Structure formats: C-alpha cells, structure tokens
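# Architecture at a glance
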Amino acid sequence: MRALLTPFLIALFILLSGTNVAGIQLSQSLDCNEMAFEDSANLTITIEWDGGQAAYRFERALDPFFDRLKVKGFSSSISSQPTADGEKTIKTFRYVLVPTSSGAARIDPITISYLAMPDSISGELVTEPMTITVAEEIPVKIETGSNKLWVFLAGGLVILVVGAAAYWRKRSAVPDEPILTPVEKFLNALEDAKFSSGSDLKKFQSALHDGLAQFFMEQYSIEVSLLPDDGVVEALDGTKLDEEQKQKLAHWFTQAKRDKFRPVDGSPGEVVRLENEIRAFLDNLK
C-alpha cells in the first residue's frame, strides 16, 4: 500500500506546490512526471499578488538548473485584472523542456528575486525541486539482408504511434496559448523593458523606440521609422485615434528616437513614471 501511495503523493506535491510570502504567492506546475525520450514537458511558474503590476519588480532573469533536460522554448507574460478589493496581477514563466538522456531527470529549486515597491524591499521566492522519469530512447535500426525493409517500417510505425499518443496527451493536458493583440504584445514588451532597464532612462527609451516601431507596424501598418518626426501624427490620420491620442503616441516615439542616440540623464523614478503613463494610455486602447 505504501509503495502505491508514494508516487501519487510525490506527483500531487509537484503539480500543486505553492508558496505564499508577504502578499506574493508562488506556484508551479509540471504537465507530466513520466515522459518518452522523444517527448517534451511543460514547466509553468506563476507569481500572483494583490495590486498593480508596479507593486513588485523582478530585475534578475531566472537561472534554472536542469539535469538530463534542456530548454527548447521559453516565454513569459504578465496581466492584471480587477477584483472586488482592487486589482490582482499574475506573472507567468513557461519552459518547454526536452530530455538529453534517459533516467531520473531533475529540476533544481529556482530562486526568484524581487523588490517590493515603493520602498524597494528585497525578497526571494524559491520553487520546489521536481523530477521526471525519462524513458529509454527508441533505437532505429536498419538491418541488412531480406528483413531490412520490414525492420525499417516497424521502427517507423512505433515512432508514429508514440508521437501520436504524446501529441494527443499534450493537447488534452495543456491549453493553447492565447493569441495576443498588438496592444497586449507591446504591453508585455514594455514591462520587460522596464525591468531590464532599471533606472537607466536611455536604455529604456532605446527599447521603447523599438517596441513602438513594432506596435505601429502591427496595429496600424505604418513603417514609422521611415517617417520624419513631424510626419508621425499625419500618418496616424487614417486611424480611429483622436487628435490628443495621436499627439501622445507621436511624442513618445519621437522623444524615444532622440534619446536613443544621445546622452540622457533621467531623474529618479523617471522610467517607472513614463512606463506607467504609457501603460495607462494603452490600456484604454484594448
């Protein structure tokens, strides 16, 4: 009985583990605890807190260690939603992991450093260790002689069956990633630019210039980088923006364009102030 319960309890602990420290909650999930060597696994780390996106800052990139696994894909997102008490924010990190060898693969605890604003009080969140059992790699043998074709076909059939089973298992376990609008994509890029820039206004403006250029192209089909500074507002005349909105977008882009190529000294908190101002503006365009 004990032997039967132990794997179940371990899997339940891994899939539902969570930590709550001083108003900020950490949770993690792994979509499987056993996998074929030819398959992949999805690791999701979620941080939630009551308040807006500026309540906590995460300035350091995550540095996970994987044994017998490697990262095939990574993405992150942040979103906020209103609640009865104000606002709730969710930040998510997603890893797609593939095996490098069979056996007991390990995901070591991941330390997530943060600053609680506005007092810049530092803190850390740490995930729980996790393991995945990776099956042996399926050998593909091409034998010589009369059985060569049959062996090849049998090996191909096995790979197709395993691949199809893994595909349908993943489709039933993991929901499709939502398709982001140009505004949502830009807000995510704006968040990343704020965290990576810290208090360096020039670095933030450089990232803002590139992000706005991409936003103009995806939202309005305008190659704004080819326009003179006084031509940005005119290029927006065919959109649904009112005159004040066009002026604001044009001002942020031309200011970021100038700051990208000249020395800039920003006052303390200027990056956070500017990011909040642009975010509030774009939230109204969703």
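Here, the structure is the one placed above.
Note that the structure is predicted; figures quoted are calculated from it, not measured.

Only one face of strand β12 (residues 130-134) is buried, namely the one carrying Met130, Ile132 and Val134, since none of Thr131 and Thr133 on the opposite face is buried. Two elements, strand β3 (residues 34-35) and β12, share two bridges in a ladder whose sense is parallel. Note on β12: the bridge partner recorded for Glu34 is Thr133. Alignment of strand β9 (residues 103-107) against β12, held across five bridges, turns out to be antiparallel. Bridging from a neighbouring strand, Ile107 pairs with Met130 of β12.

The subject of this paragraph is unusual backbone geometry. With an omega of 5°, the peptide bond running from Met117 to Pro118 counts as cis. For Pro118, the location among the structural elements is in the loop between β10 (111-116) and β11 (121-126). Of note, Arg68 is a non-glycine position whose phi angle comes to about 70°, a positive value. Looking at the secondary structure, you find Arg68 in the loop between β6 (66-67) and β7 (69-83). The phi angle at Ser221 is positive, at roughly 55°, despite the residue not being glycine.

This paragraph deals with helix α6 (residues 243-260). Given a rise of 1.5 Å per residue, 18 residues ought to cover 26 Å, and the 26 Å separating the end C-alpha atoms of α6 matches this to within 8%. Taken together, the buried positions of α6 are occupied by Lys246, Leu249, Ala250, Trp252, Phe253, Thr254, Ala256 and Asp259. Check the buried side of α6 and you find it contacts α4 (201-220), α5 (232-235) and α7 (270-283). Of the residues that open α6, the one with a side-chain oxygen 3.2 Å from the backbone nitrogen of Glu244 is Asp242.

Cut-offs and rules
- Residues numbered from 1 in each chain as written.
- Predicted model: local features only at pLDDT ≥ 70, side-chain atom pairs only at ≥ 80, totals over all residues.
- Heavy atoms only, no water.
- Buried < 20%, exposed > 50% of the residue type's maximum accessible area, 1.4 Å probe, protein only.
- Helix = DSSP H or I, 4+ residues; strand = E, 2+ residues; numbered from the N terminus.
- Pairing = 2+ DSSP bridges.
- Expected span 1.5 Å × (residues − 1).
- Contact = heavy atoms within 4.5 Å.
- Polar contact = N/O pair within 3.5 Å; in protein donor to acceptor, adjacent residues only side chain to side chain.

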